[in-house]
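What follows is the residue order along each chain.
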Amino acid sequence: MAEQGIHVRLQQSGPIPLDAELRCAPGEVLALVGPSGSGKTTILRAIAGLLRVRHGLIHCNGDRWFDDERHLWVEARRRRVGYVFQNYALFPHLSALHNVMEAMLELPVVERERRARDVLARVRLAGLENRVPAALSGGQQQRVAVARALAREPQVLLLDEPFSAVDRATRQRLYRELAELRRELAMPVILVTHDLDEAMMLADRMCVLHQGRTLQSGDPYAVMTRPHTVEVAQLVGLRNVFRAGVVGHDVERKVTIIEWRRHRLEARLQPDFRAGQQVTWAIPQGHLVLHRRDRPSRGERENPVSGTVLEYLPLGENVALTVAVNGPDRPPLFLTVPVHTARRNNIAQGVEIRVSLLAEGIHLMPADESRTPAKPG
Amino acid sequence: MDWSALKLSLQLAACTVLILLPLGIWAGHALAAYHFRGKAWVEALLALPLVLPPTVLGYYLLVMMGGASPIGQFYESVFGRPLVFSFEGLLLASVIFNIPFAIQPMQRGFEAIAPEVRDAAACCGLTRWRTLWRIELPLAWPGILSAVVLTFAHTLGEFGVVLMVGGSIPGETKTIAIAIYDRVQAFDTAGAGVMSAALLVISLIAIGAAYFTTSHTRSRRHG
C-alpha cells in the first residue's frame, strides 16, 4: 500500500545548502522552525515545485513529485499543493471570490463559483466575496489565502509564516481559527515559523532546522525541553546550558547524579550516559523555582543552589534575572519571574537568592566542545 | 491643414503599435521574468535607439533597407518595388526606432509584479498562458498602456528617421511632422501652427488618457 502523507528528502551543497528529511502524516501539523536563513522556506518551495533541488525525493500520498535518481520532476501546477505565502501573494486585481475561483479551474464556472463561496464562508468571509485584497484587513487577506489554498483540495497544505504580517490581536484570533480548521483537514500540514510558541501551540510535531539541515524532529514540548544536541538547545532558546560530569545513576529513585561546579545535582534518570562521562546539561526556565524568603517553597529541597543577581531586567509583567552561581566569571543562570514575585522577595541587583533546579527538567546531552557556548561550566 | 499627412501619421502610429504590442509583451515579459547570460547586452541593444541621433539611426536603416542590401533585394524581388521611400519601409523603421519606447515600460510593468504572485499562480494550477492572460497582463497593464501611448505619440512626432528613410512623398511617406517642416520652409506659419496644435492636442489627449487610466487602476487596486 502506498505511503500516506508526505515524505521529503532534499540534499544539495549549493547554492542553498540542504540536507533535510521530514515526514508528515495526513491530518498532522508539522512545524519547521529555525532562524532566518535556515532553509525553511526553501524546503516549502521545493515541496511546492517552485524550486528544483539537486538530489532527493518528494513523495506525497503515493505520488512521486520528485526523484532525482529517476529524473522525475513534476512541475508546480501539476502538484496538488495548497500554499499560503508569507505575504499571502493574493492576486491584487481580483476579488476574494475570483482569487479562490482561480484555484479550481478544472471545474465548470458555475460549480467553481458555488464552491469558492462555500470555502470563503468556511473561513468566515461570507459577504466579503467581491472585495479586492486591498479592501480587506490583514487577517481577512490571510483567510482568503487559506481559502484559495484549500480550494484546490490539496494533498498537502504549506503555510509559510502565515501569521507574521498581522498585528498581535489578529494573530491570536487566527491561531484559534487555524486550530479549529485543522481538525477538519485530512491532509498533512507543514507550517514554517520562527516563533517557537506558535509551533508549540499549533503543531503536533516540530522539526528544528539549521543551515539547511534537519537537526531534530518530534513532539514540540519534547524537542524544546529535551534537545538531542547543544545546537538544538540553543536553537530552541534554552539559555541555561552548562557542562558537568556524570557521577552515577540511582535506578531505584530514577535519578542520574551529576556534578556541576561544587553541586551534586539529581537529574531525571538518563542511563545512556555512563559514570565519569563529561556531558552538557540544560534546564528550561520553567523548571527553575525561586525560593521564597519568608516561608518554605515548593520543591526547595530539590537541587538548591544559591547565587548573586548580576542583572535585574524588568520586561513587562516579568523580570529577567541573571544569576551568578559560584562566581561571576562563570556562565550565569537565567531565570524569569513575575514582577510581583521579585518585589515580594526584595530581589534586586547584588542580592543573594536561592533557586531549585527541578530534577525532571535537567536534561543531559553529549558534551560537544565545538558547539558549547563560550566559557561553559 | 494637410489631412493626408495627418491620416498617414495616424496610420503609421497605429500600425507600429499593433506590431510592437505583442512583440513588446513577449520581450518585456521575458526580460522581466528570466535571467540569462548577456541579458545586459540585450537590454543595451534594445535601448540603443534612445541614445542614437535619429539621423544616424536613419542612415543605418536606409543602408539596411536599400536596394543593395539583402533585405532590400528580397523585398523588391517579392513585391516588385523598393522598400525605401515606401510606407512599408517607414513602418519597419518606425518599429525599430520605437523598440525601447515599447519594451522598457512593459518590462518595468512585468517587473513590478511580485514573484510570489507568479508562484501563487503556479500553485493554483494555472498554465503559463492562463497566468499571463489572467494575472500578469492585468497587473502589468499600466506599463503596457504607457508603452502604447509612448510609441503612438513618439511615432507621430518622429522627424529625423522618417525623413531619412521615407523622404517626403505625399500620401506615401509624408507624415505630419514632415508636413509641418515643409510648411515652415514655405513660410506658411499659419499652416504649420494649425498642424503643430493638432499634434499637440492628439499627444496630450493620448498621454492624459494613459495617466488617468493608470492612476484609476492603481487606486482601485490599492484601495
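About the thresholds
Residues numbered from 1 in each chain as written. Chains lettered and ligands numbered in written order. Predicted model: local features only at pLDDT ≥ 70, side-chain atom pairs only at ≥ 80, totals over all residues. Heavy atoms only, no water. Helix = DSSP H or I, 4+ residues; strand = E, 2+ residues; numbered from the N terminus. Buried < 20%, exposed > 50% of the residue type's maximum accessible area, 1.4 Å probe, protein only. Contact = heavy atoms within 4.5 Å. Areas by Shrake-Rupley, 256 points an atom, 1.4 Å probe, with all protein chains shown as cover. Lys, Arg positive; Asp, Glu negative; His and termini not counted. Charge placed at Lys NZ, Arg CZ, Asp CG, Glu CD. Core = buried A, V, L, I, M, F, W, Y, C linked by side-chain atoms within 4.5 Å. Domains from an automatic or database assignment. Buried area = accessible area lost by both parts, 1.4 Å probe. Salt bridge = Lys/Arg side-chain N within 4 Å of Asp/Glu carboxyl O. Pairing = 2+ DSSP bridges. Phe/Tyr/Trp six-rings, centres within 6.5 Å; stacked < 30°, edge-to-face > 60°. Lys NZ or Arg CZ within 6 Å of the ring centre and 35° of its normal. Axes fitted to C-alpha atoms, helices over the stretch in contact; angles between N-to-C directions. Parallel < 35°, antiparallel > 145°, perpendicular 65-115°, else oblique. Left-handed = near helix turned anticlockwise from the far one by under 90°. Nonpolar A, V, L, I, M, F, W, Y, C, P; charged D, E, K, R; others polar. Polar contact = N/O pair within 3.5 Å; in protein donor to acceptor, adjacent residues only side chain to side chain.

Some remarks on the overall build of chain A
So, step 1. The secondary structure content of chain A amounts to nine helices and 21 strands.
So, step 2. Oriented by its inertia axes, the alpha-carbon framework of chain A measures out at about 75 × 50 × 40 Å.
So, step 3. Expressed as a percentage of its 377 residues, the buried residues of chain A come to 54%.
So, step 4. In chain A, the proportion of contacts linking residues at least 24 apart, taken out of those at least 6 apart, comes to 66%.
So, step 5. Here chain A displays about 17,300 Å² of accessible surface, and carbon together with sulfur accounts for 48% of that area.
So, step 6. Positive and negative side-chain charges of chain A, numbering 51 and 43 respectively, have mean locations separated by a distance of 2 Å.

Quick word on the nonpolar core
When a protein is soluble and globular, its nonpolar side chains tend to lie buried together.
Residue and element names in this part refer to chain A.
So, step 1. Counting 108 residues, the largest nonpolar core has I6 and I190 as the members making the most contacts within it.
So, step 2. Inspection of this core shows a minimum of three residues originating in each of domain 1 (6-231) and domain 2 (239-366).
So, step 3. Ignoring any residue separated from it by four or fewer positions in sequence, one finds I190 in contact with I6, L22, C24, L30, L32, L44, I47, V156, L157, L158 and L159.
So, step 4. L333, V337, A342 and I347 belong to the second-largest nonpolar core, a separate cluster that totals 31 residues.

Some thoughts on the interface of chain A and chain B
So, step 1. With 23 residues of chain A at the interface, the matching set in chain B holds 20 residues.
So, step 2. Around 1,800 Å² of area is buried between chain A and chain B when both sides are counted, 66% of it from carbon and sulfur atoms.
So, step 3. Where chain A touches chain B, the interface holds three salt bridges.
So, step 4. Note that A:E102 and B:R130 form a salt bridge whose closest N and O atoms lie 2.8 Å from each other.

Here we look at the pattern of salt bridges
So, step 1. Applying the stated rule across the entire model yields 27 salt bridges over all chains.
So, step 2. The residue A:E259 makes a salt bridge to A:R264 at a minimum N-O spacing of 3.4 Å.
So, step 3. With a relative accessible area of 55%, A:R264 lands in the exposed category.
So, step 4. The salt bridge partner of B:D188 is B:R183, with a shortest N-O separation of 3.0 Å.
So, step 5. On the basis of relative accessible area, B:R183 is assigned to the partly exposed category, the value being 31%.
So, step 6. A single salt-bridge network, built from bridges that share partners, covers A:R124, A:R143, A:E177 and A:E180.

Describing the pairing of strand β15 (residues 278-282) of chain A
Residue and element names in this part refer to chain A.
So, step 1. Judged by how many residues are buried, β15 sits mostly within the fold: four of five residues are covered.
So, step 2. In this sheet, β15 lies alongside strand β12 (residues 241-250) in antiparallel orientation, the contact comprising five bridges. Each residue of the ladder has a partner; that of F242, found in β15, is W281.

Considering the packing of aromatic side chains
Residue and element names in this part refer to chain A.
So, step 1. One pass over the full model with this rule turns up nine aromatic pairs over all chains.
So, step 2. Pairing Y83 with F85 gives two aromatic rings, centres 4.0 Å apart and planes at 5 degrees, and the pair type is stacked.
So, step 3. Using a relative accessible area of 4% as the deciding quantity, one classes F85 as buried.
So, step 4. Ring geometry for W260 against W281: centres 5.2 Å apart, planes inclined by 85 degrees, an arrangement best described as edge-to-face. Of this pair, W260 sits in strand β13 (residues 255-260) while W281 sits in strand β15, placing them 21 residues apart in sequence. Each member of the pair, W260 as well as W281, is classed as buried.
So, step 5. Over the ring of W73 we find R79, and its NZ or CZ is 4.5 Å from the ring centre.
So, step 6. Of note, R239 hangs over the ring of F334, and the distance from its end group to the ring centre comes to 3.8 Å.

Some remarks on the sheet that holds strand β14 (residues 263-268) of chain A
Through backbone hydrogen bonds, the strands of a sheet pair up, either in parallel or in antiparallel fashion.
Residue and element names in this part refer to chain A.
So, step 1. Taken in spatial order, the five strands of this open sheet run β14-β13-β12-β15-β21, and their pairing is antiparallel. The open sheet has two edge strands, β14 and β21 (363-366), and neither has a second partner. Put simply, the sheet's adjacent strands are angled 50 degrees from each other on average, direction ignored.
So, step 2. Of the strand pairs in this sheet, β15 and β21 are connected by four bridges, and their pairing is antiparallel. Within the sheet, the bridge partner assigned to V279 lies in β21 and is P366.

Looking at the pairing of strand β3 (residues 29-33) of chain A
All names here are of chain A.
So, step 1. When you tally the buried positions in β3, you get five out of five residues, the bulk of the element.
So, step 2. A two-sided burial pattern is seen for β3, the buried positions comprising V29, A31 and V33 on one face and L30 and L32 on the other.
So, step 3. The sheet contact formed by β3 and strand β9 (residues 189-193) spans five bridges and is parallel. Paired with V29 across the bridge in β9 is V189.

Some thoughts on the sheet that holds strand β20 (residues 352-357) of chain A
Residue and element names in this part refer to chain A.
So, step 1. Within the open sheet, the five strands sit side by side as β16-β20-β17-β18-β19. Their pairing is antiparallel. The sheet is open, and its two borders are formed by β16 (288-290) and β19 (333-338), each paired with just one other strand. Each strand of the sheet is rotated relative to its neighbour by a mean of 45 degrees, with strand direction disregarded.
So, step 2. When β16 meets β20, the two strands line up antiparallel, connected through three bridges. Across the sheet, L290 pairs through a bridge with V355, a residue of β20.

Let's talk about helix α1 (residues 40-48) of chain A
Residue and element names in this part refer to chain A.
So, step 1. With seven of nine residues buried, α1 lies mostly within the body of the structure.
So, step 2. What α1 keeps buried is the set K40, T42, I43, L44, A46, I47 and A48.
So, step 3. In the segment just after α1, G49 is the residue with positive phi, at about 90 degrees.

Things to note about the packing of helix α1 (residues 3-33) of chain B against helix α5 (residues 87-97) of chain B
Residue and element names in this part refer to chain B.
So, step 1. One way to put it is that α1 packs onto α5 with a least axis distance of 9 Å and a crossing angle of 55 degrees. By the angle class used here, α1 and α5 are oblique. Note on packing geometry: the crossing formed by α1 with α5 is right-handed. Between α1 and α5, the contacting residues are L8, Q11, L12, C15, T16, I19 and L20 on the first element and F87, L90, L91, S94 and V95 on the second.
So, step 2. Broken down by class, the residue content of the contact of α1 with α5 amounts to nine nonpolar, three polar and no charged.

Re unusual backbone geometry
So, step 1. Omega for the peptide link from A:G14 to A:P15 comes to 0 degrees, which places this bond in the cis form.
So, step 2. Along the chain, the position of A:P15 falls in the loop between β1 (6-12) and β2 (18-24).

Quick word on the domain arrangement of chain A
Interface size is commonly expressed as the accessible surface area that is lost when the partners come together.
Residue and element names in this part refer to chain A.
So, step 1. Taken as a whole, chain A is organised into domain 1 (6-231) and domain 2 (239-366).
So, step 2. Averaged C-alpha coordinates put domain 1 and domain 2 at centres separated by 39 Å.
So, step 3. In this assembly, seven residues from domain 1 lie in contact with nine residues from domain 2.
So, step 4. Carbon and sulfur atoms supply 60% of the area that domain 1 and domain 2 bury against each other, a total of about 610 Å² over both sides.
So, step 5. For the domain 1 face of the interface with domain 2, the top three residues by lost area are T225, R226 and V230, together amounting to 66%.
So, step 6. For the salt bridge of E360 with R226, the shortest nitrogen-to-oxygen distance reads 2.9 Å.
So, step 7. The interface formed by domain 1 and domain 2 includes two residue pairs in polar contact (both at pLDDT 80 or more).

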